[in-house]
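# A structural walkthrough
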Amino acid sequence: MNLSPLPLAVFVVDAAGTVTSWNKACEKLAGYGAGEIQGLTLERIVEFDDPPGAKPRMAARADAENEGVLKTADGRRLPVRITVAPQSFDTEAAGTFSVILIPRSGQFPARYALIQDLPVADILEALPTVFYVIDRSGHLLLWNRLLEDALEMDAEELPTSNVKYFFDEKERPFIVDKILNAFEGGGSTHEAELVGKHGKRKPYLFRCSLAHLGNVPVVFGTGMDITARKQAELGLRVRERAIYSSLNAIVITHCEEGEHRIEYVNPAFECITGYTLAEIKGLDPRFMAIPGCDEDERSRVRDALKRKESVRAVLRNTRKNGEVFWNDLRIDPVSNGDGEITHFVGVINDITEARHYERRLHHLAHHDPLTGLANRTLLQDRLRQAIDWAQRDGFMVALAFLDLDNFKHINDNFGHDAGDTVLREVALRLRESMREDDTIARMGGDEFVLVICNPASHEQVAELIERIRRSVMAPVRVKDQDILPGASIGVSLFPEDGDSPEKMMRAADAAMYHAKTLGKNNFQFYSTELNQVVHEHLMLEANLSRAIREHEMVLDYQPKVDLRSGKVVGAEALVRWRHPVDGMIPPDRFIPVAEETGLIVPLGEWVIDEACSALKAMAALGLTDFVIAVNLSARQLRQRQFADRLGATLRRHGIDPAKLELEVTESQLMDRPEEALEALAQLKAIGVRLSIDDFGTGYSSLSHLQKFPVDYIKIDRSFLGDVGHDGHLVITRAIIALGHNLKLKVIAEGVETREQIAFLREHDCDQMQGYYFSPALPRVTLQEMVAKDTRLPD
């Protein structure tokens, strides 16, 4: 392309200032012919506005603002701006300079001063790109307003600046190289950022070509603003990187004629599935599907793809190694510029571990962690299902409630680890005894529940439960020791005993409780009569706590008489329950319930407090030589700091500890003799008296008896029932003799006849209590008896 018609006045001069070449615009502007310019010096044509006497060399004028006049052939003096620049883009003409003359007429913008007569100025202004013309010196000869805006520079500033300075410093060598390529090769294309004077940056795509202004070579070109494209490319690169780096597998398929062929998969896909892109490119992603698996979900996905819609599904697929994995899949369509769906993007989230974790959580939420059996939650669901099926199909359901006997004893004597071993072994035995379709659950602690669906008959249920009972009671070997568990089992049946899980559970629980009251280690079926007994028991349990809080308990005192003097020397405190509706409830009805529920502890503390209050009242009457005995429960005896609390109670009432006697049964002492010995020693250190109640009914050895720091032994009433019975007489005489030999006093309880009194006195028994002398009395009546010195007759 040749731009010679453009009147851009450009001279090329050597170091001495002699014109070596020029363009037609120079001839037109200066009015000289070609023959006239040849050989002229620049000073002949151009007069610089130099200070007087100054004559700078050409090199000194380079890259500086110069002004002067052009001396035309017809004698006119045309004011011009003069740019002198070395021919930096001409490697073969070192030491030459470009001299560019721009008229200072003021009638046209500087960028178009030399083409003011041509309509091309309007064209260049209308271009949507920056436009430029550069000579070999690297200076602008022509440009449009968009270039000024991009560089944040005025028209007067641009001709004096080398174009390489319009770019970032690190890009300048690249820019110079590209302009040189254009001069030497005819053209070049490159991308770079123009940097404005005030820091504004914009990326441009530059396309430039070589042209000649007369015989002066120049590079002209355009720069298209590619900011939007660069932003799009950056966004695309970010998205590509995100796809590449995503932990989720991504697969892109091409959709054509209803088929979906894989075009791309990211590294996560390869990692999750084991397949590389090279192996599966062009395949349908369904090649990983498991035949017959998740068909409903896969059908839903196929339908969505046919409609070219987004879809999400959870499927199972196979990896390359054959493993099955759970896939949370999201598929979305991709359209082209015309809105046509051409591709689908699938995002695969491997949720295998999450599914396994969910299953583990579900198992933990519905199973007992120790035994692996169903827990209460799962039991309720299974039992409800069983009842629903039984109602629909008309069959029977049996529910067995199994409670291990004496499990607390196992934990206390063998340790909790041993207890856990027993529970696991029992669970294993139950599994071995039950069918797979039946449910075995652990309710917590030592309680198990069995749901038996569709048994053939009541007799079959009874046989199964008996077989289970025998299996459970077999010895469990723990650390070279045999532990003998037992089980009390209650059984309820659907539909006879209840039509809901709650009713069946209550019925089985009632039957189990009845089995325990019958001596444990047996099973019982539920009955209506049993329900009434259990109901009364539950009501008693509920009312007992209220009775203790609301002071419905009363304490009566049965006198103890010295058999030698006949004098009342003490009394045993016996608790009674004065119920506001049912009247007086005897202790044999509520004490076992208090023991079971733990209410025996607050009840026992109340009894001790009342007994101390009675002793204080006796002392106030001058009756200081009097002892009150209180029965101590096993729970109280084993309580930590019981002795400390007892001592505090005695001090609060101001009672001499020797006036309080604590009775413990022989069986209590022998349950855990070492612990009992330690507890009794702590109580003895306080100063209270201690006695063994119901002596002769337990299994204590003489060696143990010698160790216990007790003061009395009490002969159980069963050994005084018939003083004429030789066996009873022998035992009673032996107990009295044993007690005296151990330096203990002996008390007979339950004495009801004159013959029994005579026998006891004959054999030197120390004290007695019983209906023969007096039943249990209220505190006031006892005080009156003692004050009157009422005695046992001779």
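If you're wondering where the values come from, they're calculated on a predicted model, not measured in any experiment. (Residues numbered from 1 in each chain as written. Predicted model: local features only at pLDDT ≥ 70, side-chain atom pairs only at ≥ 80, totals over all residues. Heavy atoms only, no water.)

This part is about the sheet that holds strand β19 (residues 447–453). Strand order in the open sheet formed by five strands is β18-β19-β17-β22-β23, with mixed pairing between adjacent strands. The open sheet is flanked by β18 (439–444) and β23 (523–525), the only strands paired with a single partner. The sheet shows a mean angle of 20 degrees between the axes of neighbouring strands, taken without regard to direction. As judged from the nine bridges shared by strand β17 (residues 397–405) and strand β22 (residues 486–494), these two strands associate in the antiparallel manner. Opposite A398, over in β22, you have L493 as the bridge partner. Set on the sheet, helix α17 (residues 501–517) makes contact with β17, β18, β19, β22 and β23; between it and β22 the angle comes to about 145 degrees. (Pairing = 2+ DSSP bridges. Helix = DSSP H or I, 4+ residues; strand = E, 2+ residues; numbered from the N terminus. Axes fitted to C-alpha atoms, helices over the stretch in contact; angles between N-to-C directions. Contact = heavy atoms within 4.5 Å.)

Let's shift gears to the sheet that holds strand β4 (residues 66–71). Strand pairs in the sheet, formed through backbone hydrogen bonds, run parallel or antiparallel to each other. Spatially, six strands are ordered β2-β1-β6-β5-β4-β3 in an open sheet, and the strand pairing comes out antiparallel. Only two strands of the sheet have a single neighbouring strand rather than two, namely β2 (19–22) and β3 (46–48). Adjacent strand axes in the sheet meet at a mean angle of 35 degrees, parallel and antiparallel pairs treated alike. Looking at chain direction, β3 and β4 are connected through three bridges and run antiparallel. Paired with V46 across the bridge in β4 is L70.

Moving on: helix α16 (residues 458–472). In this model, α16 (15 residues) spans 21 Å end to end at C-alpha, consistent with the 21 Å of a helix rising 1.5 Å per residue. Listing the buried residues of α16 in full gives V461, L464, I465, I468, R469 and V472. End-on, the buried residues of α16 take up no more than an arc of 140 degrees, which puts them together on one face. Of the exposed residues in α16, the ones pointing more than 90 degrees away from its buried face are E459, E463 and R470. (Expected span 1.5 Å × (residues − 1). Buried < 20%, exposed > 50% of the residue type's maximum accessible area, 1.4 Å probe, protein only. Arc of directions from axis to C-beta.)

Before going further, it helps to examine the nonpolar core. Residues M553 and L683 are the most contacted members of the largest nonpolar core, which totals 78 residues. No other element matches the 11 residues that helix α20 (residues 600–620) contributes to this core. For L683, the residues in contact, after removing those within four places along its chain, are L632, L637, F642, A643, L646, L662, V688 and L690. By size, the runner-up hydrophobic cluster in this structure holds 32 residues, among which are A398, V422, I465 and V476. (Core = buried A, V, L, I, M, F, W, Y, C linked by side-chain atoms within 4.5 Å.)

This part takes up the packing of helix α14 (residues 407–414) against helix α15 (residues 416–433). Geometrically, a packed helix pair is captured by the angle between its two axes and the distance between the axes. Contact geometry of α14 with α15 gives a least axis separation of 6 Å together with a crossing angle of 135 degrees. What the angle tells us is that α14 and α15 run oblique. Along the contact surface, α14 presents F407, I410, N411 and F414, while α15 presents H416, A418, G419, V422 and L423. The residue makeup of the contact of α14 with α15, split by class, is six nonpolar, three polar and no charged. (Parallel < 35°, antiparallel > 145°, perpendicular 65-115°, else oblique. Nonpolar A, V, L, I, M, F, W, Y, C, P; charged D, E, K, R; others polar.)

Next up on the list: the environment of R172. As for its placement among the helices and strands, R172 is situated in helix α7 (residues 172–185). A C-alpha to C-alpha distance of 44 Å links R172 and G75, two positions 97 residues apart in sequence. With sequence-adjacent residues up to four places away left out, R172 is seen in contact with K164, Y165 and F167.

With nine of its nine residues buried, β22 lies for the most part within the structure. Side chains of β22 alternate between two faces, with G486, S488, G490, S492 and F494 and A487, I489, V491 and L493 buried alike. With three bridges connecting them, β22 and β23 associate as parallel partners. Pairing of V491 across the sheet is with F525, part of β23. One crossover worth recording links β22 to the parallel β23 by way of α17, and it is left-handed. (Right-handed = clockwise from strand over helix to strand, strands pointing away.)

For the rest of this paragraph, the subject is the packing of aromatic side chains. Under the definition given, this model contains seven aromatic pairs. Ring geometry for F167 and F206: centres 5.7 Å apart, planes at 75 degrees, overall edge-to-face. Of this pair, F167 sits in the loop between α6 (145–151) and α7 while F206 is found in strand β10 (residues 201–213), placing the two residues 39 residues apart along the sequence. One exposure class covers both F167 and F206, and it is buried. Arranged with centres 5.8 Å apart and planes meeting at 90 degrees, the rings of W577 and F590 form a pair that is edge-to-face. Highlighted residues: W577 in strand β25 (residues 568–579) and F590 in helix α19 (residues 587–597), separated in sequence by 13 residues. In this structure an aromatic cluster arises from ring pairing among Y132, F167, Y204 and F206. Its end group placed over the ring of W326, R355 keeps NZ or CZ at 4.3 Å from the ring centre. Against the face of Y712 rests K560, its NZ or CZ located 5.8 Å from the ring centre. (Phe/Tyr/Trp six-rings, centres within 6.5 Å; stacked < 30°, edge-to-face > 60°. Lys NZ or Arg CZ within 6 Å of the ring centre and 35° of its normal.)

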